[in-house]
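What follows is the residue order along each chain.
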Amino acid sequence: MLKVSTTYSTSNTNRNLYHIVTRSAIGYKKVLRGKSSEDAIDTVRLKKAVICAVADGHGDPRCKYASIGSKLATKVACGVLRDVVTGIPNITKLYDYFCDYRDEIAQQIVQEWNKSVFEDY
């Protein structure tokens with residue numbers, strides 16, 4: 001017994017056609033216990049790209065808010081990365097920026113996630 005959910009999304013611009021397919025599955029033990037998945041996925045469609053974030057929530061039954069945390073994590077990661085990508089339209093400069101500031105970007109994602117968790121609480 002496996003519960004699977006699939007989401008399809010299409011983006012059509014003048015030259016680019018993107019199909020985004022997200023899929024998640026819940027194991028049979030969780031289905032038997034009536035539990036949901038703690039995993040999350042989020043996507044952001046841009047003109048010439050797609051940003052995707054995936055979070056694997058805690059499987060521990062003591063972490064009853066893991067599904068909320070993983071959803072917030074993917075939303076925040078996509079938002080921070082969208083802001084970086086839209087702020088630097090030149091692909092070469094964008095690559096250099098990601099190489100030079102990857103630790104700062106990761107830190108910003110963590111800080112924004114912490115803020116989102118606090119606001120959700």
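All chains use their own residue numbering, which begins from 1 and follows the written sequence. For a predicted model such as this one, the threshold for reporting local features is a pLDDT of at least 70, and the threshold for listing and counting side-chain atom pairs is 80 or more; totals across whole chains, interfaces and linings nevertheless cover every residue. Hydrogen atoms and water are omitted, and side-chain values are computed over all heavy atoms in the structure.

Asks: What is the right way to read the pattern of salt bridges from this model?
Replies: If charged atoms from side chains of opposite charge come close, those side chains can pair. Every case where a carboxyl oxygen of Asp or Glu lies within 4 Å of a side-chain nitrogen of Lys or Arg is listed as a salt bridge. This model, assessed by the stated rule, comprises one salt bridge. Of the charged contacts in the structure, one is a salt bridge between Arg82 and Asp83, with a shortest N-O distance of 3.6 Å. Judged by relative accessible area, which is 35%, Arg82 ranks as partly exposed. To sort residues, take the accessible area from a 1.4 Å probe on protein chains only and compare it with the maximum for the residue type: under 20% means buried, over 50% means exposed, and anything in between is partly exposed.

Asks: Explain the packing of helix 2 (residues 66-87) against helix 3 (residues 91-120) here, please?
Replies: Helix-helix packing is characterised by the crossing angle of the two axes and by the distance between the axes. Lines fitted to C-alpha atoms define the axes, with helix axes restricted to the stretch in contact, and inter-axis angles between N-to-C directions lie between 0 and 180 degrees. Helix and strand assignments come from DSSP, with helices taken as H or I runs of at least 4 residues and strands as E runs of at least 2, each series counted from the N terminus. Where helix 2 meets helix 3, the closest approach of the two axes is 8 Å, and the angle between their N-to-C directions is 140°. Regarding the angle of helix 2 to helix 3, the classification is oblique. Helix 3 is crossed by helix 2, and the crossing has right-handed handedness. Counting all contacts with helix 2, which are made through Ile68, Gly69, Leu72, Ala73, Val76, Ala77, Val80, Leu81, Val84 and Val85, the residues of helix 3 involved are Leu94, Tyr97, Phe98, Ile105, Gln108, Ile109, Glu112, Trp113, Ser116, Val117 and Asp120. Polar here means any residue other than Ala, Val, Leu, Ile, Met, Phe, Trp, Tyr, Cys and Pro, which are nonpolar, and Asp, Glu, Lys and Arg, which are charged; Gly is therefore polar. When grouped by side-chain class, the residues that make up the contact of helix 2 with helix 3 number 16 nonpolar, three polar and two charged. An angle below 35 degrees is read as roughly parallel, one above 145 as roughly antiparallel, one from 65 to 115 as roughly perpendicular, and any other as oblique. Should the near helix be turned anticlockwise from the far one by less than a right angle, the crossing is left-handed, and should it be turned clockwise, the crossing is right-handed. Note on definitions: a residue-residue contact is assigned when non-hydrogen atoms from the two residues lie within 4.5 Å.

Asks: Which parts of the structure should I look at to understand the side chain of Ser67?
Replies: With respect to the helices and strands, the residue Ser67 is situated in helix 2. Residue class for Ser67 comes out buried when judged on its relative accessible area of 18%. If we ignore the near neighbours within four places in the chain, the residues touching Ser67 are Ser37 and Glu38.

Asks: In this structure, what is going on with the environment of Trp113? I would like to understand it.
Replies: In this structure, Trp113 sits in helix 3. The spacing of Trp113 and Lys71 is 42 residues in sequence and 9.9 Å in space, taken between C-alpha atoms. Non-local contacts of Trp113, meaning those with residues more than four positions away in its chain, are made with Gly69, Leu72, Ala73 and Val76.

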